[in-house]
Amino acid sequence: MEHYNMNLTLKVWRQKNEKEKGHFETYSVPGISSEMSFLEMFDVLNERLINEGKEPIAFDHDCREGICGACSMHINGKAHGPWAGTTTCQLHMRAFKDGDTIVVEPWRANAFPVIKDLVTDRSALDRIIAAGGYISVNTGNAVDGNSLPVEKDKADTAFAAAACIGCGACVAACKNSSAMLFTGAKVSHLALLPQGNPERKTRVVNMIAQMDKEGFGSCTFTMECEAACPKEISVNNIARLNAEYMRAAFTAEETMG
Amino acid sequence: MLDAKIPKGPLDQKWSTYKSTCKLVNPANKRKLEVIVIGTGLAGASAASSLGELGYKVKAFCFQDSPRRAHSIAAQGGINAAKNYQNDGDSVYRLFYDTIKGGDYRSREGNVHRLAEVSASIIDQCVAQGVPFAREYGGLLSNRSFGGTQVQRTFYAAGQTGQQLLIGAYQSLERQVALGNVKMYSRHEMLEIVMIDGKARGIIARNLVTGELERHFGHAVLLCSGGYGNVFYLSTNAMGSNVTAAWKAHKRGAYFGNPCFTQIHPTCIPVSGEHQSKLTLMSESLRNDGRIWVPLKQNDTRRPSEIPETERDYYLERRYPAFGNLVPRDVASRAAKERCDAGYGVGSSRQAVYLDYAFAIDRYGMIECNKQGINNPTKEQLRHYGVEVVKEKYGNLFDMYEKITGENPYEIPMRIYPAVHYTMGGLWVDYELQTNIPGLYALGEANFSDHGANRLGASALMQGLADGYFVIPYTIGNYLADEIRTTNIPTSHPAFEEAEKNTRDRIEKLMSIQGTESPESFHKRLGKIMWDKCGMARNAQGLQEAITEIRALREEFWRNVKVTGAINEFNPELDKAGRVADFIELGELMCMDALNRKESCGGHFREESQTEEGEALRDDDNFMFVSAWEFKEGYNWELHKEALEYEVVHPSQRSYK
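Cut-offs applied
Sequence order sets the numbering: in each chain, residues are counted from 1 along the sequence as written. Written order determines the labels here, with chains lettered from A and ligands numbered from 1. Where local features are concerned, this predicted model is filtered to residues with pLDDT of at least 70; where side-chain atom pairs are given and counted, the filter is 80 or more; whole-chain, interface and lining totals use all residues. Water and hydrogen atoms play no part in the side-chain values, which are based on all heavy atoms of the structure. By the criteria applied, helices consist of DSSP H or I runs no shorter than four residues and strands consist of E runs no shorter than two, each listed in order from the N terminus. Each residue is assigned to one of three classes by its accessible area relative to the maximum for its type, calculated with a 1.4 Å probe on protein chains only: buried under 20%, partly exposed between the two thresholds, exposed over 50%. Here a polar contact is recorded for every N or O atom pair within 3.5 Å, except that within protein the pair must consist of a potential hydrogen donor and a potential acceptor, and residues adjacent in sequence are included only if both atoms are side-chain atoms. The contact rule is simple, with two residues in contact once any of their heavy atoms fall within 4.5 Å. For salt bridges, the criterion is a side-chain nitrogen of Lys or Arg within 4 Å of an Asp or Glu carboxyl oxygen. An automatic or database domain assignment provides the domain bounds reported here. Buried area, as used here, totals the accessible surface that two parts lose on assembly, with accessibility defined by a 1.4 Å probe and the loss added over both. Only Phe, Tyr and Trp rings are paired, with Trp represented by its six-membered ring, and only when their centres lie within 6.5 Å; those with planes under 30 degrees apart are stacked, over 60 edge-to-face, the remainder tilted. Two limits define a charge over a ring: the Lys NZ or Arg CZ must be within 6 Å of the ring centre, and within 35 degrees of the ring normal. Two strands are counted as paired when DSSP detects at least two bridges linking them. In a helix, the anticipated span is given by 1.5 Å times the number of residues less one. Here the arc refers to the directions that run from the helix axis out to each C-beta atom. Residues enter patches when their relative accessible area tops 30% and they take part in no salt bridge; the joining distance is 9 Å for like charges and 5 Å for the nonpolar side chains Val, Leu, Ile, Met, Phe, Trp and Tyr. A 1.4 Å probe and the Shrake-Rupley method give the accessible areas. Residues count as covered only by the protein chains that appear here. Counting rule for charge: Lys and Arg are taken as positive, Asp and Glu as negative, and neither His nor the chain ends is counted. Think of each charge as sitting on NZ of Lys, CZ of Arg, CG of Asp or CD of Glu.

Caption draft 1: Here's a closer look at the side chain of Arg69 of chain B. Looking at where Arg69 of chain B falls in the secondary structure, it is placed in the loop between β2 (57–61) and β3 (79–80). Owing to a relative accessible area of 2%, Arg69 of chain B belongs among the buried residues under this scheme. A distance of 3.2 Å separates a polar side-chain atom of Arg69 of chain B from the backbone oxygen of Gly69 of chain A. Setting aside anything within four residues of it in sequence, one finds Arg69 of chain B in contact with Asp62, Cys68, Gly69, Ala70, Arg122, Ile165, Gly166 and Cys167 of chain A together with Gln64 of chain B.

Next comes the structure, spelled out in structure tokens:
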């Protein structure tokens, strides 16, 4: 792989806190190596801002290996930037060329208020899980792991849904700020497994109610969420969510009142 | 000598005896008892949810924006359990024995046996929660092997096992949050332990969004705050992983156990330049199928494909025929360093070795072709089917490698090099996971207890969940049973006042310095000292130099650090400055511990103590103990020792040949 250096122009959203109005600020960033990650480029810029006596740009990040779901930048109009199936932290600078201008914004959604600069509050996603995204099994209650065989295909599909990292890119990419892919992935993961069966109806109903309460929009199935998802979670999970919801609606006696 | 309070009786009955004789707390009293849990990784989330289920009132804290992001999420390879589903001779005893041996005879028999005993229940619990472990076509659970063992006992979910286990624990935690048994404080950092009458009674936490300091009372405090590998700056830890919670406890009197025991993981993506902010692990499970080699000729600059079989050195297979590429991590790391130092390294930095999948692709290709009934398959067919199998097993790891390096590992062998990964050391705890401070517990990587001088692969997840799901629910009751008469202490108590004032003074001091160098820059400098002088190989002279340099760095930090922004706002620079200050102090203690331990054992390699073949040489006569350091004013430490007694296993020179 050939390495090269580049000079870039960055337009970054700066916002002091939730209440104050934000604005774009322009920075020229010279001498960026193609081997750097996108966040390492921000490290370089921030180090310079600190040396100049300015405040560095705040952004969420932690594992920097694409699995914790903390990083969350809207880059040139795309959640997590130009590479498919990639988080911001795994995006590398060889995706860009000398002279490029890069626009960086926070996730934009009513349910994700900005805390500072590129940092948003995504705790609404935790509350959707708390509404039912689990199997109610207390520690110590379990039977032997092999006493309940699971078809390999189903286990694999459940795993693919469970691979969601909760970053919120699906919401940020959606014109309606819908959280259907996030919620659908969790409902699918648990509905596909026999262990998840006892709470199948209440789970989907309660999670959707919480999703609506948090102010996420409706799904109009434009599938931008799947395109933006760094874990390439399939929109089939939204179809499954809808099917689970209908099933609960038509068969539940208590849950739907 | 410290007393670890290991129950009397035969090794395999200690835990069951303990469980049937420890004190219990009745359900009505549990509702009155408050427990604080710091950290929401595998240990913290499993402890918080299990204690919530039991009826305790739990407050859980994490610095991340969600408990699901704790760094356990990044564990790749798997979790060990003595299920013997493969009928290959595994047992609780074998898992216990492998772990003791893998730890180079520097861990406690009692703790490790308990860990092996509860391992099977962990898998059952996780399956019940819906953790989608890998399965065979018959629907049963699949296993693979890991370093330092000769059986297949590792359960896994592709290369994302930590993620799936943590999501299982996180979901259980969120369920308890919904039920009101656990109150969750995200974006909060613990900055002080509050001590009243010699017992841990609460914490001072900082709300990282508003910058406000908060006081929280608890009848007990559980530190589940992970390891301290980031003291090296570059490590496989997350950027936010830090020692601060454990260090605050240490400075309030909790002993720090074996701080120098650091695990350097053999298979990580090599450093690419000065800008590097972290290192990425390539799971040890890759050593199952991949073969590690370097050129036979020094300074060979040919492409790997141009180097014929006869001119390659599969040095692990050569040196350790019995375990080959599956030797434990410390052994594999040192062997890679030895080859690179001797001039056989590859890649532009010459600080890398190859991890080659060509053979595995051929081998799996042949098996698949047989299944498909293709006789005499072509090279292309072999490759096609082989790549498919490798993709299914390790696809996410290969993708990650390609994103970072820009090279396709299905075509070109991966370049790997050792990197700091895990810390076996941590807060000293007794058998009940209680530190020497009553009411203060440490779980998971934050404690020192189960891995001795080297941790085996797929054992960190096992220990974190063992501590949280199956150990602490029993041992905490033994303490809290005597606390049922302690009513909640109001946080206006002078001890809370004093702790908050200390914290505030320190934050104001950090902000007031307004020097010229960023916290990040100090962190990098500390990391370089630690890696060069307290890394994969250590000697007395280097360690003494390191101590002097770190003291000077500490002095300079408190004179010249520059923290931007303000106190009462979201300010990651301030968070970072506090963590770096603690890392600097810890670095000094690690070097002291490494200097004091004149033997080599596990991941701690003292150049003065090696066999003729360059293997780690233990000194059981003089160092068969746990080092537990007590902090004293003025950065002096007093060494306490806990003798390690082996009743069942007979320590011997560890051999994987």
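Caption draft 2: The pattern of salt bridges, seen in detail. Residues and elements named next belong to chain B. Inspection of every chain in the model, using the stated rule, returns 78 salt bridges over all chains. Across the salt bridge formed by Asp482 and Lys23, the nearest N and O atoms sit 2.8 Å from each other. Here Asp482, found in the loop between α13 (460–480) and α14 (494–513), pairs with Lys23, found in the loop between α1 (14–21) and α2 (27–30); they are 459 residues apart in sequence, far enough to count as distant. Owing to a relative accessible area of 47%, Asp482 belongs among the partly exposed residues under this scheme. For Lys23, a relative accessible area of 39% corresponds to the partly exposed category. Between Arg318 and Asp313 there is a salt bridge, with the nearest N and O atoms lying 2.9 Å from each other. You can call Asp313 buried: its relative accessible area is 6%. Because the salt bridges share partners, they merge into one network encompassing Asp104, Arg106, Asp330, Arg334, Arg597, Glu599, Arg618, Asp620 and Arg654.

Caption draft 3: A look at the domain arrangement of chain B. Residues and elements named next belong to chain B. Under the domain assignment used here, chain B contains domain 1 (27–74 + 102–109 + 118–134 + 161–263 + 421–483), domain 2 (267–419) and domain 3 (492–621). With centres defined by C-alpha atoms, the gap from domain 2 to domain 3 works out at 34 Å. Facing 9 residues of domain 2, the contacting portion of domain 3 comprises 10 residues. Buried surface at the junction of domain 2 and domain 3, summed over both partners, amounts to about 750 Å²; 57% is from carbon and sulfur atoms. Taken as a group, Asp330, Arg334 and Lys337 account for 54% of the area that domain 2 buries against domain 3, more than any other trio of residues on that side. Our count for the contact surface shared by domain 2 and domain 3 stands at 1 salt bridge.

Caption draft 4: Spotlight on unusual backbone geometry. Residues and elements named next belong to chain B. Although it is not a glycine, Asp197 sits at a positive phi angle of roughly 50°. Along the polypeptide, Asp197 turns up in the loop between β6 (188–196) and β7 (199–207). Despite not being glycine, Asn299 has its phi angle at roughly 45°, a positive value. Mapped onto the secondary structure, Asn299 falls in the loop between β12 (291–295) and β13 (312–313). Accessibility expressed as a relative area gives 53% for Asn299, which makes it exposed.

Caption draft 5: Broad picture of the interface of chain A and chain B. Each partner contributes residues to the interface: chain A has 74 residues there, and chain B has 75 residues. Summed over both sides, the interface of chain A with chain B buries roughly 6,000 Å², with 51% coming from carbon and sulfur. Remark: the boundary between chain A and chain B carries 7 salt bridges. With a shortest N-O distance of 2.9 Å, Glu392 of chain B and Lys152 of chain A are connected by a salt bridge. At the surface where chain A touches chain B, the tally comes to 43 residue pairs in polar contact (both at pLDDT 80 or more). Of all the secondary-structure elements, those providing two or more residues to the side of chain A that touches chain B are α1 (38–51), β6 (114–116), β7 (119–120), α2 (123–130), α3 (152–162) and α5 (180–191) of chain A. In terms of residue count, α3 of chain A provides more of the side of chain A that touches chain B than any other element does, 6 residues in total.

Caption draft 6: View of the packing of aromatic side chains. Residues and elements named next belong to chain B. Under the criterion given, the structure shown has 33 aromatic pairs over all chains. Geometrically, the ring pair formed by Phe398 and Tyr410 is tilted, given 4.7 Å between the ring centres and 40° between the ring planes. Here Phe398, found in helix α12 (residues 379–405), pairs with Tyr410, found in the loop between α12 and β15 (414–423); they are 12 residues apart in sequence, far enough to count as distant. Considering the side-chain rings of Phe623 and Phe625, the 5.8 Å spacing of their centres and the 35° angle between planes classify their relative orientation as tilted. Look at Phe623 and you get buried, because its relative accessible area is 10%. Each member of the aromatic cluster is reached from another via a ring pair, and the members are Tyr228, Trp247, Phe256, Phe631, Tyr635 and Trp637. Positioned over the ring face of Tyr431 is Arg114, at 4.3 Å from the centre of the ring. One residue, Lys641, lies across the ring of Phe625, its end atom 4.6 Å from the ring centre.

Caption draft 7: Local environment of the sheet that holds β12 of chain B. Residue and element names in this part refer to chain B. Spatial ordering of the open sheet is given by β11-β15-β14-β12-β13, a layout of 5 strands whose pairing is antiparallel. Unpaired on one side and paired on the other, β11 (262–268) and β13 mark the two borders of the sheet. Summarising the sheet, β11 and β15 pair through 5 bridges and their orientation is antiparallel. Paired with Cys268 across the bridge in β15 is Tyr417.

Caption draft 8: A look at helix α8 (residues 236–251) of chain A. Residues and elements named next belong to chain A. With 16 residues, α8 extends 22 Å from end C-alpha to end C-alpha; this agrees with the ideal 22 Å at 1.5 Å per step. Within the sequence span of α8, burial applies to Asn237, Ile238, Leu241, Glu244 and Ala248. On an axial view of α8, the arc spanned by its buried residues comes to 120°, and they lie on one face. Along α8, the residues that are exposed and aim more than 90 degrees away from the buried face are Asn236 and Phe250. For α8, the secondary structure elements touched by its buried residues are α3, α5, α6 (200–213) and α7 (224–228).

Caption draft 9: Focus on a negative patch on the surface. On the surface, Glu226 and Glu232 of chain A together with Asp399 and Glu402 of chain B cluster together into a patch of negative charge. Relative to the elements of secondary structure, Asp399 of chain B occurs in helix α12. Look at Asp399 of chain B and you get partly exposed, because its relative accessible area is 40%.

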